[in-house]
Amino acid sequence: MMEALSVVIVLAFLYAIICVPVGIFNLKLFQAINGTKCTGLNFLKAFIPLYNITFARKLAYGKAPVFNVLLALCALLFVFRVSALILVSSFPILVVYSSLIMIACLALYWLLYIVNCVDFCRMLNRGVVTTLCGIVVPPIGYYMLSTQVMGYFRSVEDTVSGRFGD
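Structure report, in brief. What you see is a predicted model, and the numbers here were worked out from it, not measured in a lab.

## Re unusual backbone geometry
Argument step 1. Even without being a glycine, L50 presents a positive backbone phi close to 75 degrees.
Argument step 2. Relative to the assigned elements, L50 resides in the loop between α3 (40-47) and α4 (51-61).
Argument step 3. Assessed through its relative accessible area of 27%, L50 is described here as partly exposed.
Argument step 4. You will see that N125, though not glycine, has its phi angle at about 55 degrees, which is positive.
Argument step 5. Within the secondary structure, N125 sits in the loop between α6 (93-123) and α7 (128-136).

## Some words on helix α2 (residues 20-34)
Argument step 1. Its 15 residues give α2 an end-to-end C-alpha distance of 21 Å, which sits within 8% of 21 Å, the value for a rise of 1.5 Å per residue.
Argument step 2. Immediately downstream of α2, the backbone of G35 shows phi near 80 degrees, a positive value.

## Side note on the packing of aromatic side chains
Argument step 1. On inspection of all chains with the given rule, the structure shows nine aromatic pairs.
Argument step 2. Aromatic pair F43 and F47: ring centres 5.3 Å apart, planes at 50 degrees, arrangement tilted. Of this pair, F43 and F47 both sit in helix α3, four residues apart, which is roughly one turn of that helix.
Argument step 3. Exposure remark for F43: the relative accessible area of 36% places this residue in the partly exposed category.
Argument step 4. When its relative accessible area of 16% is taken as the criterion, F47 is described as buried.
Argument step 5. The rings of F25, Y61, Y109, W110, Y113, F120 and Y142 are connected pair by pair, giving a single aromatic cluster.

## With respect to the side chain of N116
Argument step 1. By the secondary structure assignment, N116 is in helix α6.
Argument step 2. Residues in contact with N116, not counting those within four places in the same chain, are I53, R57, F67 and Y142.

## Some words on α4
Argument step 1. Buried within α4 we find N52, I53, T54, F55, A56 and R57.
Argument step 2. Of the surrounding secondary structure, the elements contacted by the buried residues of α4 are α2, α3, α5 (65-86) and α6.
Argument step 3. Just downstream of α4, G62 is the residue with a positive phi angle, here 95 degrees.

## Side note on the packing of α3 against α4
Argument step 1. Running from amino to carboxyl end, α3 crosses α4 at an angle of 120 degrees, the nearest separation of the two axes being 6 Å. Our classification of the angle between α3 and α4 gives oblique. On the side of α3, the interface is formed by N42, K45, A46 and F47, while α4 contributes Y51, N52 and F55.
Argument step 2. Residues belonging to the contact of α3 with α4 are distributed by class as follows: four nonpolar, two polar and one charged.

## Comments concerning the state of the cysteines
Think of a disulfide as a covalent bridge from one cysteine sulfur atom to another cysteine sulfur atom.
Argument step 1. Overall, the coordinates contain zero disulfides when judged by the stated rule.
Argument step 2. Take C121: it sits in no disulfide, and the sulfur closest to it among the cysteines is that of C117, at 4.4 Å.
Argument step 3. Using a relative accessible area of 0% as the deciding quantity, one classes C121 as buried.
Argument step 4. Here C133 is not disulfide-linked; the sulfur of C117 is the nearest cysteine sulfur, at 8.7 Å.
Argument step 5. A residue is classified by how much of its surface remains accessible, and C133, at 23% relative accessible area, is partly exposed.

What counts, and where the lines are drawn
- Residues numbered from 1 in each chain as written.
- Predicted model: local features only at pLDDT ≥ 70, side-chain atom pairs only at ≥ 80, totals over all residues.
- Heavy atoms only, no water.
- Helix = DSSP H or I, 4+ residues; strand = E, 2+ residues; numbered from the N terminus.
- Buried < 20%, exposed > 50% of the residue type's maximum accessible area, 1.4 Å probe, protein only.
- Expected span 1.5 Å × (residues − 1).
- Phe/Tyr/Trp six-rings, centres within 6.5 Å; stacked < 30°, edge-to-face > 60°.
- Contact = heavy atoms within 4.5 Å.
- Axes fitted to C-alpha atoms, helices over the stretch in contact; angles between N-to-C directions.
- Parallel < 35°, antiparallel > 145°, perpendicular 65-115°, else oblique.
- Nonpolar A, V, L, I, M, F, W, Y, C, P; charged D, E, K, R; others polar.
- Disulfide = S-S within 2.5 Å.

The following block contains the structure:
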């Protein structure tokens, strides 16, 4: 029982470190773009692992085809790891290969995490410190972005207000 509880605690801690800063950024970006708070299904999408990276890209750019393909590849590699662990008695060698593939999957996910954070740093005209935090420790970079996204959209709204026709 204690082993299962310790695994759940570690997974919850990892989820909080990796997914919550992106989710907070997604909520703030949704509020800045749409003018309303994020509720319901969109709230869940903002915090779902793998999907939370593309949620902000879809809000800002309308689509994220490359990110979707690479994140789908990560999901398939994760499914391979789980199936290798289930079939360990039949094919023990798969566990070795799947562990190496899982390391590559996590590296790809972290790289996409970094690229997305740096891209939003560039889009929101953030400084060198935020960009470096987004490269070195992306969760801190996402948190820094989430604190600044509302102010950026307010300033952009003030600078373009009244310039476009009906």
